[in-house]
Amino acid sequence: MLDLRRYASLGSALRDALERWSDEICLVEADRDREPQRLTYRQFRERAFPLCRFMQERGFGDGDRAAVLMTNQSKWLISAYAILHRGGVIVPLDYKLSAVEQAQLLAHGRAKWLIVEYHLWRAIAQSGGIPGSALTHVLVTEAPANAELAGALPWEACQAKGEPGFVDRTRADAASIVYSSGTGGRPKGCVLTHDNYLEQCRSLTSLFPFRPGVRYLSILPTNHAIDFMVGFIGPFVCGATVVHLRTLRPEFIREAFSRHRITHMSLVPLVLKNLEKGLRTRFAALPAHRRALLRLLVGLNRRLTRRRPRLALSRLLLRDVHRAFGGELEALFVGGAFTEPSTLQFFYDLGIPVANGYGLTEAGTAVTLNDLNPFRSDTVGKTLPGTGVRILEPDAEGVGEIAVHGRTVMSHYLNDPELTAETIRDGWLLTGDLGRFDDSGHLQLFGRKKNMIVTEGGKNVYPEDIETAFESLPVKEFSVFAANYIWRVQLSTAEQLIIVLHPDSGGEVGEKLLEDLAARNRRLPDFKRVSGYVVWKEDFPRTASLKIKRQALAELMGRRLDRAEAVRPL
Amino acid sequence: MRTLEQVMDEILDLAANHFTVPRNELSYDDDFFKKLGIDSLQALDLLTRLEQRFGVELPDYELQGVTDFRALAERIKARI
């Protein structure tokens, strides 16, 4: 791989990568069972340079911001490259947000350019455009011929001849503005520098080095910090191949493993669990004697890989399982949310190492990572090289807030000095997550300091936002909590939302009330539903302005109630 | 050529059957995520079944910004 210490900016490292690996396969674009495009690094450059030149001729450069709003595809990376080549700042936007939310972030990020897929642009135009934006140029990809583009230019028209000028940046300059919380509330635009990315990349590749021949399947959105690093920067500086699939349907993802002989992939716990479910169903359908044999082989593999993964051996022992994954899978990376240890162990026992970690956009993606030496399913791994992690004000058991220090920690929140000052103190990023180090230096995660959960799909959910669904419920008062905010236990199962009910005086929580509760709950999207309720027969502590003192209430309940007894399933 | 109503009815039949929700509880303007109680992965599964039913290819992005059966039917009808 390239020696990243030599580079001042991401743009200069990527520019060298395109030359260094010019004959290696850079990108494979797949759409179901078709493969519309395959590019070498040289061809990637041939596609990127005309866009760089086009942007240059229209004055784009030196810290100008350009937003990218696309599903995972080659033009995402070509656009990102062009922006960095011109010394610009990338503002990656989440294609899963609503058009109105996307427009709000576009205005907040003050991007001058927007590169966007046609169907997403159409949705923005139909929902009222982008009030308050700083946009001067919009380029639209995949636009049908003669489509009405509301003042935008089609991608195909954005070509200019000639060598584009390269604009270098310093390590301290901003490389991107990544929004870490999508919906509702105040936008949190994390300003990440070239130093943040180059150091994070150096650290991750020291544990999991990529190389030409690595084929990485990119299905997490590229706007997300994980895929941006592991599905773009990492593979490029190492000459690896990125495979984009234009669909997220499980049946095509399964096929892609063998069709493209995938070696690495990142996913969120929800998708990993789906894979596990699929495999378990297939195992259960085997004839009894084959099931018994499989159990035997899995047991043997577990014993032989206790200290470290032994891929060749596992592939030999469990040939059919590995063949279903294409036979060349080396590791899966999982992050973005908490993964159940049993799921991690299930894959590890099959000889498919899953490297789980802990991280947040504010810390430039990953803070800890399981290095698999040995594999520990009950932790989120050890601190990455070059990163410092401290547990603030630990209690008697050593549990306290996780604080992160190092060159991967973001510069600041865009336009929000107040939030920045609250979040980064004396160079330490306060994560709001609770954790503890065990004797071997592995980080264990506990509940959160904030009343918040991260779903298995990697979404942050604030219980306060869910309460509107239960307004006018016939009780004296109620409140929604993350159960781990009340009872601080090591995370070993998925996180849980609960509703605390204070019945009317003399009233009970009867069947009718529970039916009402369940009906309202069903109307919420699945990841926002409460899964249990607690009956609390005292007045909630409140502030002078009558707001519920959540922390005080949580502490009271945590002290007085036993979780197993108090939480009743809904 | 199916009318929009016919497409919507077929979607509702299929969704009710596949996710075991009483057919008479579903109407054209319902939010299908909420009414069927499904997540985005299950919605992709629904899309696959609708492809088989209508014999068309529906890219994942056709679900972008679509939450009600009527809008989904319009997207499908445009591709039939």
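Computed from a prediction, not measured in an experiment: that's the story for all the values here.

Concerning the overall build of chain A
A count of helices and strands for chain A gives 19 helices and 28 strands. For chain A, the C-alpha radius of gyration of 25 Å lies close to 25 Å, the compact-globule estimate for 570 residues. Considering only C-alpha atoms, chain A reaches an extent of 80 × 65 × 50 Å along its principal axes. Counting across all 570 residues of chain A, residues that qualify as buried make up 48%.

What about the overall build of chain B?
Assigned secondary structure in chain B consists of 4 helices and 0 strands. For 80 residues, the compact-globule estimate of 2.2 N^0.38 gives 12 Å, and the C-alpha radius of gyration of chain B, at 11 Å, lies within 12% of that figure. Seen through its C-alpha atoms, chain B measures out along the principal axes to roughly 25 × 25 × 20 Å. Long-range pairs, those at least 24 residues apart, make up 55% of the contacts in chain B with a sequence separation of at least 6.

Quick notes on the interface of chain B and chain A
Residue-level contacts link 12 residues of chain B with 16 residues of chain A. Going through the elements one at a time, α2 (32-36) and α3 (40-54) of chain B are the ones with two or more residues in the side of chain B that touches chain A. Among the elements that line the side of chain B that touches chain A, the one with the most residues is α3(B), at 3 residues. Residues of the side of chain B that touches chain A, tallied by class, amount to 5 nonpolar, 4 polar and 3 charged.

Some remarks on helix α13 (residues 341-349) of chain A
Residues and elements named next belong to chain A. For α13, every residue scored as buried is listed here: T343, L344, F346, F347 and Y348. Here the buried face of α13 lies against α9 (269-284), β13 (331-334) and β14 (354-360). Downstream of α13 by one or two residues, G351 has phi in the positive range, about 85 degrees.

Quick look at the sheet that holds strand β28 (residues 568-569) of chain A
Residues and elements named next belong to chain A. Reading across the sheet, the 4 strands line up as β25-β26-β27-β28 and stay open at both edges, with mixed pairing between neighbours. Of all strands in the sheet, those bounded by a partner on one side alone are β25 (477-482) and β28. Here β25 pairs with strand β26 (residues 497-502) via 6 bridges, running antiparallel. Residue pairing for β26: V480 is matched across the bridge by I499.

Structural notes on the environment of L245(A)
All names here are of chain A. Along the polypeptide, L245 turns up in strand β11 (residues 241-245). A residue is classified by how many C-beta atoms lie within 10 Å of it, and L245, with 25 of them, is buried. For the pair L245 and R34, spaced 211 residues apart in the sequence, the C-alpha separation amounts to 9.7 Å. When near neighbours in sequence (up to four residues on either side) are disregarded, L245 contacts A30, L217, I219, F252, I253 and A256.

Observations concerning the packing of helix α1 (residues 4-18) of chain B against α3(B)
Residues and elements named next belong to chain B. At a minimum axis separation of 11 Å, α1 and α3 run at an interaxial angle of 130 degrees. Classed by the angle they form, the pair α1 and α3 counts as oblique. Like other packed secondary-structure pairs, α1 and α3 cross with a definite hand, here right-handed. Residue-level inspection shows E10, I11, L14, A15 and H18 of α1 in contact with α3, the latter providing L46, R49, L50 and R53. The residue inventory of the contact of α1 with α3, partitioned by class, reads 5 nonpolar, 1 polar and 3 charged.

A look at the sheet that holds strand β10 (residues 215-218) of chain A
Residue and element names in this part refer to chain A. The sheet built from 9 strands is open, its strands ordered β2-β1-β11-β10-β12-β13-β14-β15-β16 with mixed pairing. Looking along the sheet, the strands with just one partner apiece sit at the ends: β2 (34-40) and β16 (382-383). Where β13 meets β14, 3 bridges bridge the pair, whose relative direction is parallel. Paired with V334 across the strands is N356, a residue of β14. Across the sheet, helix α2 (residues 41-57) is in contact with β1 (25-31) and β2; its angle to β2 comes to roughly 90 degrees. Along the sheet, helix α3 (residues 74-85) makes contact with β1, β2 and β11, crossing β1 at roughly 140 degrees.

Points about the packing of helix α6 (residues 194-207) of chain A against helix α7 (residues 225-238) of chain A
How two helices pack is summed up by the angle between their axes together with the distance between the axes. Residue and element names in this part refer to chain A. As a packed pair, α6 and α7 sit with axes 10 Å apart at the nearest point and diverge in direction by 80 degrees. When the axes of α6 and α7 are compared, the pair comes out roughly perpendicular. Here Y197, Q200, C201, L204 and T205 of α6 come into contact with α7, specifically with M229, I233, G234, V237 and C238. When grouped by side-chain class, the residues that make up the contact of α6 with α7 number 7 nonpolar, 3 polar and no charged.

Some words on unusual backbone geometry
All names here are of chain A. Along the chain, N373 connects to P374 via a cis peptide bond; the corresponding omega equals 0 degrees. The topology assignment puts P374 in the loop between β15 (365-369) and β16. In this model, A150 sits at a positive phi of 45 degrees, which is unusual for a non-glycine residue. By the secondary structure assignment, A150 is in the loop between β6 (137-141) and β7 (153-154). Of note in this structure, T365 is not a glycine but carries a positive phi near 95 degrees.

What to know about the confidence of the model for chain B
Residue and element names in this part refer to chain B. On average, chain B scores 89 in pLDDT, and the residues at 70 or more come to 100%. Mean pLDDT per element in chain B: α2 is the minimum at 84, and α1 is the maximum at 94. Model confidence for the complex: the whole-complex pTM is 0.87, and ipTM, which rates the interface, is 0.84.

Observations concerning helix α5 (residues 118-126) of chain A
All names here are of chain A. Restricting attention to buried positions, one finds in α5 the residues L120, W121, R122, A123 and I124. Buried residues along α5 sit in contact with β3 (65-69), α4 (99-109), β5 (113-117) and β6. Among the residues trailing α5, G128 stands out with phi positive, at a value near 110 degrees.

So, the pairing of β15(A)
Residue and element names in this part refer to chain A. Extensive coverage of β15 is indicated by the burial of 5 of its 5 residues. Two strands pair when backbone bridges link them, and β14 and β15 are joined in this way by 4 bridges, in the antiparallel orientation. Bridge pairing in β15 links L360 to T365. Two successive antiparallel strands, β14 and β15, enclose a turn made up of 4 residues, where G364 displays a positive phi of approximately 65 degrees. With 2 bridges joining them, β15 and β16 adopt antiparallel strand pairing. Each residue of the ladder has a partner; that of L369, found in β16, is K382.

Conventions and cut-offs
Residues numbered from 1 in each chain as written. Chains lettered and ligands numbered in written order. Predicted model: local features only at pLDDT ≥ 70, side-chain atom pairs only at ≥ 80, totals over all residues. Helix = DSSP H or I, 4+ residues; strand = E, 2+ residues; numbered from the N terminus. Rg over C-alpha atoms; globule rule 2.2 N^0.38 Å. Buried ≥ 20, exposed ≤ 12 C-beta atoms within 10 Å, placed from the backbone. Contact = placed C-beta atoms within 7 Å. Nonpolar A, V, L, I, M, F, W, Y, C, P; charged D, E, K, R; others polar. Pairing = 2+ DSSP bridges. Axes fitted to C-alpha atoms, helices over the stretch in contact; angles between N-to-C directions. Parallel < 35°, antiparallel > 145°, perpendicular 65-115°, else oblique. Left-handed = near helix turned anticlockwise from the far one by under 90°. pLDDT = per-residue confidence, 0-100.

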